Every structure is written in C-alpha cells, then in structure tokens.
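So the chains spell out like this:
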Amino acid sequence: MPWYRIRHGFFGFDWLADLTTKRDLWPALVQAVTGRWQLWPILALGALAIFLRLTRAPGASRGRALALTGAAGLVWMVVEGLSIGLRGWNWGLLETTFGAVGGQPAFGAGALILGAIFTLMIAFGQAERGALKGDAFVLGSIALLIALVATFVFYPILSMFTGAFQDFDGSFTTEGVARNIIDPKIWSLSCLTGGYCGVAWRTFFLAICTAAGTTTLGLAFALVATRTAFPFKKSLRLLTVLPIITPPFVVGLALTMMLGRSGVVTQWIEALTGFELGRWLYGLTGIWIAQMLSFTPISFLILIGVVDGVSPSMEEASQTLRSDRWRTFRKVSLPLMAPGLANAFLIGFIESMADFGNPLVLGGSGGVLSTEIFFAVVGAQNDPARAAVLATVLLIFTLSAFLAQRFWLAGRNFATVTGKGDGGRHAMLPARVAAPVIGIVLFWGAFTIAVYALILFGGFVRVWGLDHSLTFEHYQRAFGVALDGGLRWTGVAWNSFWTTMRIALLAAPLTAAVGLLTAWLIVRQRFPGRAIFEFALMMSFAIPGTVIGISYIMAFNLPPVQMTGTAAILIACFVFRNMPVGVRGGVAAMAQLDGSLDEASLTLGAGSGRTMRRVILPLMRPAILAALVYSFVRAITSISAVIFLVSAKYNMATAYIVGLVENGEYGIAIAYSSVLIVVMITVIGGFQLLVGERQMRRREHKLKEAAA
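These numbers come from a predicted model, not from an experiment.

Here is what the cut-offs are and how they apply
Residues numbered from 1 in each chain as written. Predicted model: local features only at pLDDT ≥ 70, side-chain atom pairs only at ≥ 80, totals over all residues. Heavy atoms only, no water. Helix = DSSP H or I, 4+ residues; strand = E, 2+ residues; numbered from the N terminus. Polar contact = N/O pair within 3.5 Å; in protein donor to acceptor, adjacent residues only side chain to side chain. Contact = heavy atoms within 4.5 Å. Patch = residues over 30% accessible without salt bridge, like charges linked within 9 Å, V, L, I, M, F, W, Y side chains within 5 Å. Areas by Shrake-Rupley, 256 points an atom, 1.4 Å probe, with all protein chains shown as cover. Salt bridge = Lys/Arg side-chain N within 4 Å of Asp/Glu carboxyl O. Buried < 20%, exposed > 50% of the residue type's maximum accessible area, 1.4 Å probe, protein only. 1 Å grid on protein atoms, 1.4 Å probe; cavity = no way out; pocket = protein on both sides within 12 Å on 5 of 7 lines; lining within 4 Å. Points joined across faces, edges and corners; volume = space filled by probe spheres on them. Nonpolar A, V, L, I, M, F, W, Y, C, P; charged D, E, K, R; others polar.

Visitor: Explain the environment of Gly-286 to me, and be specific about the residues and the numbers.
Guide: Following the sequence through the fold, Gly-286 ends up in helix H13 (residues 284–309). Separated by 26 residues in sequence, Gly-286 and Gly-260 place their C-alpha atoms 9.2 Å apart.

Written out as structure tokens, the structure is:
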C-alpha cells in the first residue's frame, strides 16, 4: 500500500499508473530504502511483531511483548508524523539538533493500516495476558475506539487550544487567555439587579430552560404514543420528527415570518387587541422557542424506547396491591423512566449549549457562547484566545451537567427487561395525567403544523413576505430536469443534493455502530479508565459545531493527517459529533436490560461478539433506530461545523442553502429545504422497516379481581 496520502483519492486507483514513477506512491519499505530513515523503526517493530507471533508460544510473556511492540509502533508513528512536515522539521529546535531532513506528505493507506494493526496488537497482547478475562473482542473494540477518539476528538481540540497560546508570529504567549478569562462580558451577573448578564450565564440559563422544556414535551409525546388511546399515534410520531429534519435557520426564518415584528400572527394580535408586541422574538425568548421546536424530537426518540421498555408486569403488580393508576404511574412507571429522562435532559442541555443556527437567526443583540466563539474566530476580532476561553467555559458547563446526571443515577437499578417471561400490557395513563398531557401535545402539534405550513407556503410564493402570488419557479430552478438527449439534472441544487445524500448515508450507519458499541462497552464492561473514556466521548458533542469545524481545519489541513477538502473529513466530523446521541440512547436502553441476559449467553458458550449480535442488538432496536435517524438527519441539517469543512467538490445542502439566504433567494432556499424534508421522511421510513420493532413476546392477560 502507498505509505503516504494520494491527493486525488485512493479508491479512484488512478495512482496505479504512476506507481513506478512517483516516489510518494511507494510503500514504506521502498521509502525507507530510498532515504526516509524515519520509517525504519516502524518497519523494524512490524518485523519484530511477526517474529514474536511465529516463534513464541501464546501466553502472558508473548502478550506483554506484543503489547509493548504495538505501543512503541504507535508512539513512533505519532512522533515522527508530528515532527516532520511537508518542508522538513516542524520545529527549528529539531533541525538545530538533528540537522536538515527531507519533507514528507500526510499519512496514507499503508500508514493507516499499520497504525490499526499496532493498535490491535496492544489489545490482543493484553488478551493473551488475561486482561478482561482474555476477551479479544472487547479489548479490540476498546483499543480501536480510544484510537479513533484520540484522533478525531482530542487531537483537533488540542490543535485549536494550542493556537490560543500563539502570537501572530507563532511565538508562545499567555496575554490573550489572561485578558479574556476575566472579561466581565463573559461572567457578569448584573442581570440579577437589572443590568447586563454575561454571555456564559445567558447561555447556561437558556440551556436549562431548553433541556427542561424538551424533556417535558418529549415525555408527553412518548406517553401519548404508548399509554393512551389517542387515535392519531402514527401522525403524532411523524409530527415529532418534522422539526429535527429541518435546517435550523429555516425554523428561525419561519418563526420570524410568524411571530416577528411584521409577522402574520403578530399583526393579527395587534389588529385584534391594539397592543404593540415589538421585537420580543429576538433574543433568548425566540431562541428558546426555536430550540424547543428543534430539539423536542431528540427527547422523544430517546424516551419512546424507555417508556415502552417499562415492564407491564410491574405496573400490574402495583395495581394488584390496590394502588390506583395515578399512584402506579407516580411510584412505579415514572421512576423506572429515570435513565431516559436524565439522558434526554442531558442531551437537550448540550444541544442548546452547542446550537449555532437558531441563535444566529434569532439572537439579536443577545448572543450566546456558540455565536460569540464564531465571531471571535471569523469576525473582525480575530481572537483565537477568546474563542478558546469561551469554548472552555462551555465545556465546563456541559461536563458539569454530565457529572450531575451520573451522580443522580449512581447506585440505582432500572432493569425491567430480563430473561424471564413478561406478561401483561402497559397501564393506561390516569385521567389526571392523560388530559393535560394530551392537551400539551395537541397545542404543540398545532403550533408545529402552523410553522411548517408557513415554510411550505414560502416555497410556492414569488417573494416571501412581499409578493405572495403562487409560482413553481423556485422548485424548477432548484430541481429542474431536462429530457433532451437523455436525462439531465439541470437544477442548481442537484450537485449539493447528491453529495449530501451520499455522505449522510455513509455517516449514519457508522455513527450508529460506533455509538451503540460504545454504549455496550460502557454499561456492560468494567475496564480501567471507563469513566474518562465516557467523558471523552461527550466532549465532541459538548463543544459547538463552529469550534469543531475550526479545530478540524487546524488539525487536518497539514500532515500527518491531511483531510481538508475531502468527503472523509465530513464523514469523520458527523460520526464523532453525533455519536454521543447514539451512546446516550444506547446507555438508557442498556440500563433496562438485565445483565443476566449477557451472562446466560456467555455461559452457553457464545463469545462477546455473538452475544452482542444475537442477544443485545435485537433488544435495542429503538436505540438503533434513534441513532440511525438522528445521525442521518444531522448529517443533512448540520451547519455550524459543515460551513467550515465543505469544498467546491463536496458542498453540503445546508451550506448551499445558507449561500442562497445570503443572496436573498429565500424561495429557492425554502424549496430546497422542503425537498430535503420529504427525502428525510422517506429515508427514515426505510430505516424503520430495515431495523424493525423490538419484540418481547408479552402475553396479555386480565388481572383477577381481589376478593372483597
């Protein structure tokens, strides 16, 4: 394999024609022989591993040697990759010490494969030593996930924070960090006395309100869908998914047209009451409404599986003991939903903290951390130190919420799905709960329908807000086709549309697989550093997409890993940005599966991989569906990170729509968004058919009335 990166792509295989003439296409052995001495230690360690494998008997001694060899190989690859760049040494001190050296391109297929082999050597060596009962599948999964998280989470973030301590000439300085860390515009609490409130506390207050609101609404929708006789449950599920499959700035634009200063509803209220509403929508209130619309579906997707997973037999046992439905719901059902509620609140809190699109459209003069970070980097400030400080503040808030959730759930057992027979049916909601819950759902559903009707209307009018004459011009310009001489895609949106679909369909299953595997390892396995590992995964989700995008550019624009301008950087960003949702949903679902299921499978001779595939995954279908849906939708609708990572060849739909909005072409932007909504609904339905529903073989039976 070529050791170094092929600029035009490995899988095109055009490089085969130049294999003998271009040095950068040669494998590592030829590179080392022809002068790149830094590759000799890597080749020597690879040869040592083969020697150990062929000449030493399996056991603790060989395992220790293999693990040390793999670790040494990884360390040397990292050191030499970071030390030598395109033009030689990356630091003058190294050139002074060791003399001049030839430059090298970024790592390619050969380097990536050998890096994965070194990583697995560590895992398999530890398995031979007896770590984690010698389970190679578990150890290999942990090792690969740690390597991926280190590469695509820690390395980019470290690259960004390193820039905060560099002056414009590259020298080390702490002036910018020291100046920003005590800035009253970040920490001021004068709002308690009627003054100005710092951006940190504004963002924190908004996140608390959004998390509480989305968790409440998500639970209400989940209860109506599973515990009531509501006649339109399928339509209700579709309605809850609609907001999440819409670019956030489109929701903000629709809210502006509805509730803004010249909005339809605002003018109607003013004409009816004579009361002037003003610009109340712009600020934290408008952002909160938009975030409630955007993030309630995430809570619903997390909670629907948790609510459905509560054992009916426990509820029936409570009623047999003469508890009424209200007491059963309050004392039995609701406490068993605690893992899902805690995870939904945590996800809502982090989503609000990291949200960029809604605050950008509706923030007005009241910015939040994500927008302040964006303007600190790309605005007139050009202050990377301020961006790093703000990102650290945001990270402290989100990780504190994670710690609080962990503390609250610590030591509690919520398992309701065991290997034993489970009969009965879910208890219906008591009247005192059903009535307000259905009322809330109907109100929010009507509001959502009104917002989306306005969005749909905007695609069929000539100029939204000015000229409402009907037209199909926007759809024709965006998605026009011609049949002369064969089918031709003449619409201006087709290129970005097909690129978005390909990348999203590649990223979604990878995100779900990595997220659910991680959840299984966190819940079912006990290994050193498990809590730190879980924290590391949440970091990619806690940091704003703007920071993720900028950090990816800073980390992957130069060797040793060069990915800018490729589809790979977009896929990696989506996978590791959205993976925590699959992790948290999987953790909530796994908390309801009794550990005896795993133990029974292992006792009967199945390995960890087979147990995961044949026992755990079929019972986690709601979590799988949630991970697939969320990752696919976010790959299409994300904007904050994508806007930094797109290129002329790989332009995503949201970045293209932002360009349309900036050019004032609102009709085409709305038409494009409407088509994306229809496509996403279709693909989500396909995911539902592919994954199927969880079958628990519950038998319905009637409770015998107790003797008087």
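Visitor: Summarise the side chain of Ser-496; cite the residues concerned and give the values.
Guide: Relative to the elements of secondary structure, Ser-496 occurs in helix H22 (residues 494–524). In terms of polar contacts, Ser-496 uses its side chain to reach the side chain of Tyr-672, at 2.7 Å. If sequence neighbours within four positions are ignored, Ser-496 has contacts with Asn-651, Met-652, Ala-653, Tyr-656 and Tyr-672.

Visitor: Summarise a nonpolar patch on the surface; cite the residues concerned and give the values.
Guide: The grouping of Leu-29, Val-30, Val-33, Trp-37 and Trp-40 at the surface amounts to a nonpolar patch, some 500 Å² of accessible area in total. By residue number, the principal contributor to the nonpolar patch is helix H1 (residues 28–33), which donates three residues. The exposure class assigned to Trp-37 is partly exposed, which follows from its relative accessible area of 43%.

Visitor: Please provide a residue-by-residue account of empty space enclosed by the protein, values included.
Guide: Summed over the entire model, instances satisfying the criterion amount to five cavities of 30 Å³ or more. If you add up the space inside the second largest cavity, you get close to 90 Å³. Taken together, 13 residues line the second largest cavity, and the ones lying closest to its centre are Gly-305, Gly-585, Ala-589, Pro-622 and Ala-623. For the lining of the second largest cavity, the secondary-structure elements that each account for two or more residues are H13, helix H25 (567–590) and helix H28 (621–637). Considering each element in turn, the lining of the second largest cavity owes the most residues, four residues, to H13. Residue classes in the lining of the second largest cavity are distributed as nine nonpolar, three polar and one charged.

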